[in-house]
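Listed below, chain by chain, are the residues.
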Protein chains: 2
Amino acid sequence: MKTIEQLLESKNIRVTAMRLLIYKFLAEKQVAVTLSDIENAFEKADRTTLYRTVKTFEEKAIVHQIDDGTGITKYALCEKGCNCEIETDLHLHFHCNNCNVTICLTEHKIPQIKVPDGFISEDINLVIKGVCDKCSGL
Amino acid sequence: MKTIEQLLESKNIRVTAMRLLIYKFLAEKQVAVTLSDIENAFEKADRTTLYRTVKTFEEKAIVHQIDDGTGITKYALCEKGCNCEIETDLHLHFHCNNCNVTICLTEHKIPQIKVPDGFISEDINLVIKGVCDKCSGL
DNA sequence: TTATAAATGCACTTCCGTTGCATTGTATTT
DNA sequence: AAATACAATGCAACGGAAGTGCATTTATAA
């Protein structure tokens, strides 16, 4: 079991208090969060710091960005089964129109999709919108 | 063959010069356009008018909105084979990372995707990013 | 301990989407 | 045709989110 410190070091990122806190925050959340969410959780910290921290995490493949169609970028930790950098391993996301939550369906892989001749597929973004299990009551 | 005037009237939208121009602009373009694109094409017109015109078109299912992950909303005409309002008929979009163009692949339908128990799928957004036929040179 | 570089905080900017309100234009009724 | 009603347009402004420049603080290395 890797500690967060070890993880950051393995990615060549300096271990700072802020980064540990943000990492822990993301790890606790089971859903994708916006920058505002992080802002609200750390009111003492500056927006820019949070912004740049998340950007650093993204570059180092610690978090991945999610575009769920709400117009606001969300972020979620890359963990067990999430190898965002590998195209064939992309998972999909679910956005609840009711509670506005976005979650990673890491176990659901995106099916191979044929593109027309001449087109080269590099990345796929698949977001399903609807009602989540908590809201549907099923 | 319906004229644009007839189309607008059939959707209960008043026929105005602006709307005819914007419709023609969208029809000429083979790709999805941003509001800025339209703005640049009609510099005499006000941003708000263009914005509201497109929104009207969207409500009346004349255009559909595309979220290609660039963070900027794009719009494209709904035509032959595009029945956006019907979930099972959703087509996918391709975004070229090179020339930044987004096109509708109307002939490519989104495969049925199973969601976990308790989740209800209402809408699906699928964007493939890569290199388009014009840029790939294939 | 000092030098070096990265991380943080503050201020500010830009871009896009959106709304309120006054004005112009279009359609309808008498 | 004139008056009325309502929709479309234009202008101004707001708000949120993303992003940048620079000074300051903090951490790492020499």
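Above this text is the structure in question.
Residues numbered from 1 in each chain as written. Chains lettered and ligands numbered in written order. Predicted model: local features only at pLDDT ≥ 70, side-chain atom pairs only at ≥ 80, totals over all residues. Heavy atoms only, no water.

## A short note on the relation of the copies chain B and chain A
The transformation that overlays chain B on chain A combines an axial shift of 0.0 Å with a rotation of 179 degrees, and the residual RMSD is 0.1 Å. Both copies are brought into coincidence by an operation consistent with a two-fold rotation axis. Nearest to the rotation axis, the C-alpha of Leu-126 of chain B is located 2.2 Å from it, this being the minimum over chain B. Mapped onto chain A, 100% of the interface residues of chain B again fall at the interface, so both copies present the same surface. (Least-squares fit on C-alpha atoms with pLDDT ≥ 70 in both. Contact = heavy atoms within 4.5 Å.)

## Quick word on the side chain of His-108 of chain B
Its location among the elements puts His-108 of chain B in strand E5 (residues 102-109). For His-108 of chain B, a relative accessible area of 19% corresponds to the buried category. (Helix = DSSP H or I, 4+ residues; strand = E, 2+ residues; numbered from the N terminus. Buried < 20%, exposed > 50% of the residue type's maximum accessible area, 1.4 Å probe, protein only.)

## Regarding the sheet that holds strand E2 (residues 63-66) of chain B
Residue and element names in this part refer to chain B. Judged by pairing direction, the sheet is antiparallel, and its three strands sit side by side in the order E1-E3-E2 without closing on themselves. Looking at which strands have only one partner, the edges of the open sheet turn out to be strand E1 (33-34) and E2. Bridging between E1 and strand E3 (residues 74-77) involves two bridges; their strand directions are antiparallel. When the sheet's bridge partners are listed, Val-33 is paired in E3 with Tyr-75. Of the strands in this sheet, E1, E2 and E3 are in contact with helix H2 (residues 17-28), which crosses E3 at around 90 degrees. Running over the sheet, helix H4 (residues 47-59) touches E2 and E3 and is turned about 105 degrees from E2. (Pairing = 2+ DSSP bridges. Axes fitted to C-alpha atoms, helices over the stretch in contact; angles between N-to-C directions.)

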